[in-house]
Amino acid sequence: MNYDIIVLGSGPGGYVAAIRASQLGKKVAVVERAELGGICLNWGCIPTKALLKSAEVYNYAKHADEYGVKIAGAIEADFDAIVHRSRGVADGMSKGIQYLFKKNKIELIAGFGKVKPGKKVEVTNEKGETTELSADHIIIATGARSRELPNLPQDGKKIIGYRKAMTLDKKPDSMVVVGSGAIGSEFAHFYNSIGTQVTLVEFMENIVPLEDEEVSKQLGRSFKKAGINVMTKSEVLSVDTSGEKCKVLIKTKKGEETIEADIVLSAVGIATNIEGIGLEETGIATERGKVLVDEFYRTNVEGYYAIGDIVPGPALAHTASHEGIICVEKIAGHHPTPLDYNNNPGCTYTQPEIASVGFTEKAALEAGYEIKVGKFPFSASGKASAAGHKDGFIKVIFDAKYGEWLGCHMIGDHVTEMIAEVVVARKLETTGREIIEAVHPHPTMSEAVMEAVAAAYDEVIHI
């Protein structure tokens, strides 16, 4: 059973790499031990967005009178139905990958894959039977899982990870979310929206700490206004699960405090799935839990490659997909451009949403740039006012000397749909003047990009 390319893992990195390889005429097999689509399609990006959409619809219904709409009778969030819809969306996406594999003549091999020397892969199926495969090129795309802390051992009942948070049997009355990255903040927003009393605990000074500081502070204000108890510069010391409720001991800037909650959700990052997959035996180098690769995702051992969450860089689905495409195009003899990780967008689907790319203001200054900064608040946006979502702003950062667009940071209603304009503009080395002169439609949220750029050049009209 010899192939041109074998891919271990069918997440957004693995399945995209496999499809692109097939398009390039390669004989491809994918080894997968669970559902097609990996964490993203089954337990991450897609089902969480389905949950968040239900929360959005529920919130619109609760506030329908603010839009001149009367709804008779009680408005309730049917938690079971919300979860059921989310799982249905995930199942549909996974079946879509099955269709794409058949269309592209990709062979799916069910089981746990382990790389071996000599460009071989050993696959163990659910019955414990093993099969050995060989290929000219082997791409490892095994992804990551929820990271566990010693003082937050997950029992799947009272202390849970993100997977369980998507499929709880009933809506908890109260929840402590530990960690305010994208996963923690999105679940805090979702559960708060459907009526759970939520406390969000973050060790750093601001929530979503990797974002531009002004964006982080704005989300903190919006969360507090929505009723979330936001605790920054705080640390969970221990959780007592012996009683009916969890007793969460938290060290804060003012001292220790105990909060009771039905559920504690640990959202403190991810751990890579590289254990037991044969890296050591094959001689593939790792460092701090990541597989070391070059700009074309080649490991130190010829014929072995790695992409996605298991390599250094942001653990994002779209990043993994692009890495997979670059990897197989290089294998096929093409000349792909290495990925510019500084032009790689990130999105957080809270309310308001966050979308960002490039340097933060602080990072640009630390890098030695002289900068121009422009901001445009959505409180001055006609579309935002009409939609009833005026929280947030767009912030742009330019190099004052050469006009390079260094970064853009958005927080507002559905801004995740707008960040691609900035990514493309930066890719094409667009100047601020060109953005100002490009006609943006009115009324839209996206015209705030133009206004923010105009603000950086002291030409803004509407503030």
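It should be emphasised that the depicted structure is a prediction, and the values quoted were computed from it without experimental measurement.

Chemist: How should I be thinking about unusual backbone geometry in this particular structure?
Modeler: A negative phi angle characterises most non-glycine residues, just as the trans form characterises most peptide bonds. With an omega dihedral of 5 degrees, the bond running from glutamine 351 to proline 352 counts as a cis peptide bond. Mapped onto the elements, proline 352 comes out in the loop between β20 (346–348) and β21 (353–358). That bond from histidine 442 to proline 443 is cis: its omega, -5 degrees, falls within 30 degrees of zero. Within the secondary structure, proline 443 sits in the loop between α13 (432–437) and α14 (447–456). Backbone geometry at tyrosine 297 places phi at a positive 70 degrees, although glycine is not the residue there. Structurally, tyrosine 297 can be placed in the loop between β18 (290–291) and β19 (304–306).

Chemist: I'm lost on the nonpolar core in this one. Help?
Modeler: Nonpolar side chains tend to gather and get buried jointly when the protein is soluble and globular. With 34 residues, the main nonpolar core has Phe187, Phe190, Tyr191, Ile194 and Phe223 as its most contacted residues. Elements with a contribution of two residues or more to this core: α3 (45–62), α4 (79–103), α5 (162–165), β9 (174–178), α6 (182–193), β10 (197–201), α7 (213–226) and β15 (263–266). If near-sequence neighbours (up to four positions away) are discounted, phenylalanine 187 is found in contact with Thr48, Leu51, Tyr162, Ala165, Met166 and Leu265.

Chemist: Hey, could you run me through the state of the cysteines in this one?
Modeler: One way to say it: the disulfide is the covalent bond shared by the sulfur atoms of two cysteines. Counted according to the given criterion, the structure contains one disulfide. Across the disulfide from cysteine 40 sits cysteine 45; the S-S distance is 2.5 Å. Measuring handedness by torsion sign, the sulfur bridge of cysteine 40 and cysteine 45 sits at about -130 degrees and is left-handed. Its relative accessible area of 11% is what places cysteine 40 among the buried residues. No disulfide involves cysteine 347; its sulfur sits 11 Å from the nearest other cysteine sulfur, which is in cysteine 45.

Chemist: Just checking my understanding: could you explain the pattern of salt bridges for this structure?
Modeler: It is possible for side chains of opposite charge to pair when their charged atoms get near one another. Counted according to the given criterion, the structure contains 16 salt bridges. Lysine 49 serves as the salt-bridge partner of glutamate 186, at 3.2 Å between the closest nitrogen and oxygen. Placement of glutamate 186 in helix α6 and of lysine 49 in helix α3 is noted, with a sequence separation of 137 residues between them. Look at glutamate 186 and you get buried, because its relative accessible area is 9%. The class for lysine 49 is partly exposed, based on a relative accessible area of 25%. Measuring nitrogen to oxygen at the nearest pair gives 3.3 Å for the salt bridge that ties lysine 114 to glutamate 281.

Chemist: In this structure, what is going on with the pairing of strand β6 (residues 130–140)? I would like to understand it.
Modeler: Note on strand geometry: in a regular strand, side chains alternate between the two faces of the sheet. Here strand β1 (residues 2–8) pairs with β6 via six bridges, running parallel. When the bridges of β6 are listed, isoleucine 5 appears paired with histidine 137. As defined by bridge partners, strand β5 (residues 120–124) adjoins β6 across five bridges and the pair is classed as antiparallel. Bridge pairing in β6 links valine 121 to leucine 133. As consecutive antiparallel partners, β5 and β6 are separated by five residues, and within that stretch glycine 128 has a phi angle of approximately 90 degrees, a positive value. Sheet analysis places β6 next to β19, joined by three bridges and oriented parallel.

Chemist: Help me out: how do you make sense of the layout of surface pockets in this one?
Modeler: Considering only enclosed or pocket space, the second largest pocket measures out at about 880 Å³ in volume. Together, 29 residues line the second largest pocket, and Asn59, His189, Gln351, Pro352 and His389 are the ones closest to its centre. For the lining of the second largest pocket, the secondary-structure elements that each account for two or more residues are α3, α6 and α7. Looking at the lining of the second largest pocket residue by residue, the class counts come to six nonpolar, 13 polar and ten charged.

Chemist: I would appreciate a short explanation of a negative patch on the surface in the present structure.
Modeler: Residues Glu76, Asp78, Asp80 and Asp169 make up a contiguous surface patch of negative charge. Among the structural elements, aspartate 78 can be located in the loop between α3 and α4.

Chemist: Any chance you could explain the pairing of β1 here in plain terms?
Modeler: Within β1, five of the seven residues are buried, leaving the element largely enclosed by the surrounding structure. Examined bridge by bridge, β1 and strand β2 (residues 28–32) share four bridges and lie parallel to one another. Across the sheet, the residue bridging to isoleucine 6 is alanine 29, located in β2. Taking the sense of rotation as the criterion, the β-α-β connection linking β1, helix α1 (residues 14–23) and β2 turns out right-handed.

What counts as what
Residues numbered from 1 in each chain as written. Predicted model: local features only at pLDDT ≥ 70, side-chain atom pairs only at ≥ 80, totals over all residues. Heavy atoms only, no water. Helix = DSSP H or I, 4+ residues; strand = E, 2+ residues; numbered from the N terminus. Core = buried A, V, L, I, M, F, W, Y, C linked by side-chain atoms within 4.5 Å. Buried < 20%, exposed > 50% of the residue type's maximum accessible area, 1.4 Å probe, protein only. Contact = heavy atoms within 4.5 Å. Disulfide = S-S within 2.5 Å. Salt bridge = Lys/Arg side-chain N within 4 Å of Asp/Glu carboxyl O. Pairing = 2+ DSSP bridges. 1 Å grid on protein atoms, 1.4 Å probe; cavity = no way out; pocket = protein on both sides within 12 Å on 5 of 7 lines; lining within 4 Å. Points joined across faces, edges and corners; volume = space filled by probe spheres on them. Nonpolar A, V, L, I, M, F, W, Y, C, P; charged D, E, K, R; others polar. Patch = residues over 30% accessible without salt bridge, like charges linked within 9 Å, V, L, I, M, F, W, Y side chains within 5 Å. Areas by Shrake-Rupley, 256 points an atom, 1.4 Å probe, with all protein chains shown as cover. Lys, Arg positive; Asp, Glu negative; His and termini not counted. Charge placed at Lys NZ, Arg CZ, Asp CG, Glu CD. Right-handed = clockwise from strand over helix to strand, strands pointing away.

Nothing here speaks to function; it is all geometry.
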